[in-house]
Amino acid sequence: MKIGLYICHCGRNIADVVDIKNLIGYFKDKVNVVRDHLFMCSEPAWEMIRSDVTNKLVDRVVIAACSPYNHEKFFRSALETAGLSKYLLEIANIREQCSWVHGKNKREATEKAKRLIEAAISKVKTLKPLDDLRFEVERSVLVIGGGIAGMTASLDLAKMGFKVYLVEKEPSVGGKLIKFDKIFPLNDCASCVVSSLMAEVANNPMIELITYAEVEEVDGSFGNFNVKVRKKQTYVDWEKCIGCGACTTVCPPKAWKPNEFDEGLSKRAAMYIVSPQAVPKKAVHDPELCVNCGKKKLGTRRFLRGGKEYLTPCEKACPTKAIDRSKSWNPEGELLNFNVGAIIVATGYKVMEKETFKEYAPHSPNVITALQFERILSPTGPTGGKVLRLSDGKKPKAISFISCVGSRDVRYHTYCSKVCCLYMLKQARLVKEREPEIDVYIHVIDVRAPGKDLEEYYIEARRMGIGVIRGKVGGIEELPNGRLRILGFDADLGMPVEVEVDLVVLATAIELPEDSKELARKIGVAVDPSGFLKEDHPKLRPVESTLSGIFLAGCCQGPKDVSETVAQAKAAAASVASLLSKEEIKVEPFIAKVNEEACSGCGICENVCPFNAIKVNEVAVVDERSCKGCGICASCPAKAIDIQGYSAESIIAEIDALVG
Amino acid sequence: MKIIAFACQWCAYRSADLAGTLKYEYPSSITIIKVPCSGRVETEFILKALAEGADGVFVAGCPKNECHYRKGNFVAELKTSILSNILPEFGLESSRIAFLEVSSSDAKKFVEFARNFDERVRSLGRNPIRRYSHEKD
């Protein structure tokens, strides 16, 4: 073992405090080669290290310089190009953790530098010549969620040549955005933004669109996930269905229920097509709602007295015979199984229901959520885009918007839902544009409109005569005539205010739906304290989840507007592509290794592993792809697990050098 | 006075680096061993350091809920607190060991802790193990 020690002056950053001559004299006889350089991170110094390795003067390298976070990779490349394992390198941090923090006492700093270098020498002696882990990569991607985030990410990846499986739990893609009329800040048509994407994802040959399906199981790890997706039973032959909607019109009113697409403001039948813009435009049968016309149950045939077969209205109406109720459909649907290299989770959000907020008269049909009002404003909605209240079909004289319902509230969510101020302003402006005589009030704690074009959007709203009242609303009273009295507060006047209106719109908080949390549990992605999916690092890895190979896009990671969602979706797609564009991926080999002879198979490691990377059969087996090398498992009672690069031997060698 | 700090590579080690960049001062008794996660620190490492004569040992990890390995810092804190309860059995003071949670941006917290910990260990005096070995010398 020939150790080379390279001491950096870092200009005067180290040399002014640490006595480098003293260090050279001290280590001269303890290692094979000692050299110093004014800037060890310079090209000539790199060449100096490389030639020492090439000339077989050294086979282990210790560099005493700045923090390993600055140039460790650069120094490793010197070893690698000289044909030595790049992990036979250790850096003694004598700048950030020595000369810069002990500048006032040069003697102490020099002594500490000696100890730090001795620790690095002791450690480098214990290092093994490791190689990077290499994994083959499956060049396909699973995108969960067919909203604007999922569709954008899918299209970007498809354009880069990756096979994409886009899984959506509803029968149609489009997400929440297809429900909207206009979107801020340009008040451009939401449908125009999203419809073209919906058509594109359905027609792109690289995208396999799987709607009305849910991810059931994800196994494996980064580069090679095995995915099981359950395609729910539609009870309609989608191969034959042409989406004409004939079956939906004949379904009897007994089999109707509140329409999810209209946020419960209209009804839909047991035979339904999700929305007029649905992609794929196919009918779905809801067996729970079905009244079994003519007592003809699914999977049975019925003959009339004359021997003629009885057909239900939907069967009769279908021009392509896509509906066949005599067929015994499997209610479990179909299980699809495929492999992907990476996953993007883009499951979106839900808004809180108004029922949670007893103080805001939720029983009144004239108190609605903002998403419901979005449907009222939409030309495809229950009023065809006319501003009407649904309880009596009349045009309201006054409308109040109430913000922060469930957000910025310690009882529910402490975070700000971020988009409410602006969508309330948007809705208020749309009302004013269509019906200028309607009085519009917005009750806010404060208006949050940060960013490009948004403050201007707010100023314009005020100019249009929308009353913005700063103060939290305490409650809403329903008056005998059906009107609603807002009991608010005006912080600018410093006194309570009461406003009587005909319609109240609650900007309820955005949150992660329960089924997304369930999905997160299933695939092992962490949920943060706010209740959204946790990104790996808010600044450096904002689209990566806590699991390698699984990425996040859109509101499942936190509230955001359409622009931010699209930006994040594109970032997620780019991050996926950067990993999957190579034939194989290289990963630092600092992971857990099991000594099979010492392992008793007790299973403690399996329980403590945060990433389910260890399975114990006879002995513990580490999944190299899933292991992140944290080392929690290394507290093995039999000492059968060690962490490569941070082995117990290495750490104890460091302790000995530092204390001894 | 010799103090060993085990610092996780994500938060604690970087907060110490940042302290350097900001030219904050802390006692040179403190030397840092980089570990992937505070959860990597086995109790044996802490005991080994004390047995070799370290006057104090602290384990530093990410703030709660911010561990890059989800729960490593919880494990580390648990281990240190259990160990500090048993230390008196070995004739060592509980306060010779500690756990610190610090974010990578919080150099100030790291430095203040380092200073206080050094003072705390100094008030206890040298590690008795070393005291005896010195007497023998």
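Counting restarts for each chain, with residues numbered from 1 along the sequence as it is written. As a convention, the first chain written is A and the first ligand written is 1, with the rest following in written order. Selection of residues for local features in this predicted model requires a pLDDT of at least 70, selection of side-chain atom pairs for listing and counting requires 80 or more, and totals for whole chains, interfaces and linings are taken over all residues. Hydrogens and water molecules were not included; the side-chain quantities draw on all heavy atoms of the structure.

### Considerations on the overall build of chain B
- Helix and strand labels come from DSSP, where a helix needs a run of H or I of at least four residues and a strand needs a run of E of at least two; each type is numbered from the N terminus. Secondary structure assignment for chain B yields five helices and four strands.
- Radius of gyration means the value over C-alpha atoms here, while the globule rule gives 2.2 Å times the residue count to the 0.38 power. Here the C-alpha radius of gyration of chain B, 14 Å, is about what a compact globule of 137 residues would show, namely 14 Å.
- By its C-alpha atoms, chain B is 45 × 30 × 20 Å across when sized along the principal axes.
- Think of it in three bands: residues with accessible area under 20% of the maximum for their type are buried, residues over 50% are exposed, and the middle band is partly exposed, with areas taken using a 1.4 Å probe on protein chains only. Considering chain B as a whole, with its 137 residues, one finds that 57% of them fall into the buried category.
- When contacts within chain B are restricted to residue pairs at least 6 apart in sequence, long-range pairs at least 24 apart make up 77% of them.
- Where accessible areas are quoted, they stem from the Shrake-Rupley method and a 1.4 Å probe; at the residue level, only the protein chains shown are allowed to cover. A total accessible area of about 5,500 Å² is found for chain B, and carbon and sulfur atoms account for 51% of it. Note on contacts: a residue pair is in contact if any heavy atoms of the two residues lie within 4.5 Å.

### Details of the domain arrangement of chain A
Residues and elements named next belong to chain A.
- Residue ranges assigned to the domains are those given by an automatic or database domain assignment. When cut into domains, chain A gives domain 1 (3-130), domain 2 (133-232 + 335-349 + 515-584), domain 3 (233-332), domain 4 (350-511) and domain 5 (588-644).
- Relative placement of domain 3 and domain 4: their C-alpha centres are 38 Å apart.
- Contacts between the two partners involve seven residues from domain 3 and, on the opposite side, eight residues from domain 4.
- Around 670 Å² of area is buried between domain 3 and domain 4 when both sides are counted, 67% of it from carbon and sulfur atoms.
- Buried area counts how much accessible surface, traced with a 1.4 Å probe, disappears from two parts once they are put together, with both parts' losses summed. For domain 3, the biggest contributors to the area lost against domain 4 are Asp262, Glu263 and Leu265; these three give 74% of the whole.
- By definition, a salt bridge exists where a carboxyl oxygen of Asp or Glu is found within 4 Å of a side-chain nitrogen of Lys or Arg. Our count for the contact surface shared by domain 3 and domain 4 stands at one salt bridge.
- In this structure, Arg375 and Asp262 form a salt bridge, with 2.7 Å as the shortest nitrogen-oxygen distance.

### Some details on the sheet that holds strand β3 (residues 60-65) of chain A
All names here are of chain A.
- Only strands that DSSP links by at least two bridges are regarded as paired with each other. Strand order in the open sheet made by the four strands is β2-β1-β3-β4, with parallel pairing throughout. In the strand order of this sheet, the two ends are held by β2 (33-37) and β4 (89-93), each with one partner. The average angle at which neighbouring strand axes cross in this sheet is 20 degrees, direction not considered.
- The pairing of strand β1 (residues 3-8) with β3 spans five bridges and is classified as parallel. When the bridges of β3 are listed, Leu5 appears paired with Val62.
- Taken strand by strand, helix α5 (residues 106-126) contacts β1, β3 and β4, and its axis lies near 165 degrees from that of β4. Lines fitted to the C-alpha atoms define the axes, with helices restricted to the stretch that makes contact. Angles between their N-to-C directions range from 0 to 180 degrees.

### Some details on the interface of chain B and chain A
- Opposite the 45 residues of chain B that make contact, chain A presents 48 residues.
- Of the roughly 4,100 Å² buried between chain B and chain A on both sides combined, carbon and sulfur atoms contribute 56%.
- If you look at where chain B meets chain A, you find four salt bridges.
- Here a polar contact means two N or O atoms within 3.5 Å. Within protein one must be a hydrogen donor candidate and the other an acceptor candidate, and residues neighboring in sequence count only if both atoms are side-chain atoms. Inspection of the chain B/chain A interface yields 18 residue pairs in polar contact (both at pLDDT 80 or more).
- Elements with a minimum of two residues in the side of chain B that touches chain A: β1 (3-8), α1 (12-21), β2 (30-35), α2 (43-52) and α3 (72-86) of chain B.
- The element best represented in the side of chain B that touches chain A is α1(B), accounting for seven residues.

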